[in-house]
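Structural characterization, general
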Amino acid sequence: GKASEPTPSQQEHPEHFSATPATINENTMNESLTVSDGNESISSEIHISTPILPSTREEDEAEIEVETSADKHFQLKTAAIASIGFFTDAYDLFVVNMCVPMIRFVYFDNKTSPLDEGFMKGTAVFGTLIGQLLFGILADQKGRQKIYGVELILIIFGTICATMSASPVRGMNIAAMISIWRLVVGVGIGGDYPLSATITSEFSSKGRRGMLMAAVFSMQGVGYLMAGIVSLIFLAIFKSSIEEDPLMIDYVWRFIMVTTKTFCSLVLYLMRIF
């Protein structure tokens, strides 16, 4: 309430005027002022009700609990899709190192030029630079959720075309055709890297963000490992045929390269059913 006016005696003898310091409660802030002239005292209290906010840690724990209970399914779905995407990207970038020696044996009698071999292996990496810039701009303009999935279609299309490459005419050999289609694959991979990482981070709660991001990026190592394992599996399957006709290895590298499209198709399927 409002403080009372001082009495005449208080005005005449201000030296007897005393005040006690304000006291603050733990739950509300209460300011009290006591005035005394020796014979009478006047008390006035100013109450300011201010709720005490919870600590930052309590706020974070409450937010984490709400987010994980409401969005757990969506977070796991997003992380699973992004993980398969990173797995596919790593597989596609590494598997060409397994395929080029087979292509060199079948089409170039183990005598490919460094230029041809460099283009077959390197165009996908150059395409990732184009893809990151292109899909970064498109994602900002159109939205990441609308663009996400287009890069996977590019990867599927480019890889299928690369596995169907041959030397149809004298001016266009298989090395040139594979290099062109691997460039398309690289554009798709370059778009998938930032989109998968960003979407996983955006739609993860604070308590799960680090774990989900680590799980997504760890799939790169799995992709590199599986490229070697799948190559060994197909070589073992075609072993007897290759022993009879060494040129049968031309089928092997095509199967090895196209296998990853199964995972891309799985990502697109998961995006539709969830």
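Quick look at the structure, then. (Residues numbered from 1 in each chain as written. Predicted model: local features only at pLDDT ≥ 70, side-chain atom pairs only at ≥ 80, totals over all residues. Heavy atoms only, no water.)

Some points on the overall build of the protein
- When its secondary structure is counted, the protein shows ten helices and two strands.
- Tracing the protein from N to C terminus, the helices and strands come up as α-β-β-α-α-α-α-α-α-α-α-α.
- By the burial criterion, 37% of the 274 residues in the protein qualify as buried.
- Sequence separation of at least 24 residues holds for 71% of the intrachain contacts in the protein that already meet a minimum separation of 6.
- Here the protein has roughly 15700 Å² of accessible surface; of this, 63% comes from carbon and sulfur atoms. (Helix = DSSP H or I, 4+ residues; strand = E, 2+ residues; numbered from the N terminus. Buried < 20%, exposed > 50% of the residue type's maximum accessible area, 1.4 Å probe, protein only. Contact = heavy atoms within 4.5 Å. Areas by Shrake-Rupley, 256 points an atom, 1.4 Å probe, with all protein chains shown as cover.)

Focus: the pattern of salt bridges
- The tally for this structure, following the rule as stated, stands at three salt bridges.
- A salt bridge links Arg254 to Asp250, with the shortest nitrogen-to-oxygen separation between them at 3.4 Å. A residue pair is termed a helical-turn pair when its members lie 3 or 4 positions apart in one helix, as Arg254 and Asp250 do in helix H9 (residues 249-258) at four residues.
- If you follow the salt bridges from partner to partner, you end up with Arg104, Glu117 and Lys121 in one network. (Salt bridge = Lys/Arg side-chain N within 4 Å of Asp/Glu carboxyl O.)

Description of H9
- Most of H9 sits inside the fold, with seven of its ten residues counted as buried.
- Buried within H9 are the following residues: Ile249, Asp250, Val252, Trp253, Arg254, Ile256 and Met257.

Considering the side chain of Asp92
- With respect to the helices, strands and loops of the structure, Asp92 is situated in helix H2 (residues 56-107).
- Overall, the relative accessible area of 0% leaves Asp92 in the buried class.
- For Asp92, the residues in contact, after removing those within four places along its chain, are Ile155, Thr159, Arg182, Val185, Ile189, Met257, Thr260 and Lys261.

Some words on helix H7 (residues 209-237)
- Along its 29 residues, H7 runs 41 Å from first to last C-alpha, staying within 8% of the 42 Å computed at 1.5 Å per residue.
- Within the span of H7, buried status applies to Leu212, Met213, Val216, Gln220, Gly223, Ala227, Gly228, Val230, Ser231 and Phe234. (Expected span 1.5 Å × (residues − 1).)

Things to note about the packing of aromatic side chains
- Under the defined criterion, the tally for this structure stands at seven aromatic pairs.
- Residues Phe94 and Tyr224 carry aromatic rings whose centres are separated by 5.8 Å and whose planes lie at 65° to one another, so their mutual orientation is edge-to-face. Residue Phe94 is found in helix H2, and its partner Tyr224 is found in helix H7; the two are separated by 130 residues along the sequence.
- Overall, the relative accessible area of 29% leaves Phe94 in the partly exposed class. (Phe/Tyr/Trp six-rings, centres within 6.5 Å; stacked < 30°, edge-to-face > 60°.)

Description of a nonpolar patch on the surface
- Together, Phe126, Leu129, Ile130, Leu133 and Leu134 give the surface a local cluster of nonpolar side chains, amounting to about 470 Å² of exposed area.
- Summarising the element assignment, Leu134 is placed in helix H3 (residues 114-142).
- Note on Leu134: relative accessible area 39%, which makes it partly exposed. (Patch = residues over 30% accessible without salt bridge, like charges linked within 9 Å, V, L, I, M, F, W, Y side chains within 5 Å.)

A look at the nonpolar core
- Residues Cys99, Ile103, Val252, Trp253 and Ile256 are the most contacted members of the largest nonpolar core, which totals 24 residues.
- Among the elements that make up this core, the one with the highest residue count is H2 (eight residues).
- The residues contacting Cys99, other than those within four sequence positions of it, are Trp253, Ile256 and Met257.
- Ranked by size, the runner-up nonpolar core spans 22 residues in total, among them Ile81, Ile147, Leu152 and Ile155. (Core = buried A, V, L, I, M, F, W, Y, C linked by side-chain atoms within 4.5 Å.)

Describing unusual backbone geometry
- Notably, Asp109 is not glycine yet its phi reads approximately 55°, a positive angle.
- In this fold, Asp109 is placed in the loop between H2 and H3.
- Not every positive phi belongs to a glycine, and Asn110 is a case in point at roughly 60°.
- Tracing the backbone through its elements, the reader meets Asn110 in the loop between H2 and H3.
- With relative accessibility at 45%, the residue Asn110 sits in the partly exposed group.

A look at the environment of Lys77
- Within the secondary structure, Lys77 is located in helix H2.
- Lys77 sits 123 residues away from Thr200 along the chain, and the two C-alpha atoms are 9.6 Å apart.

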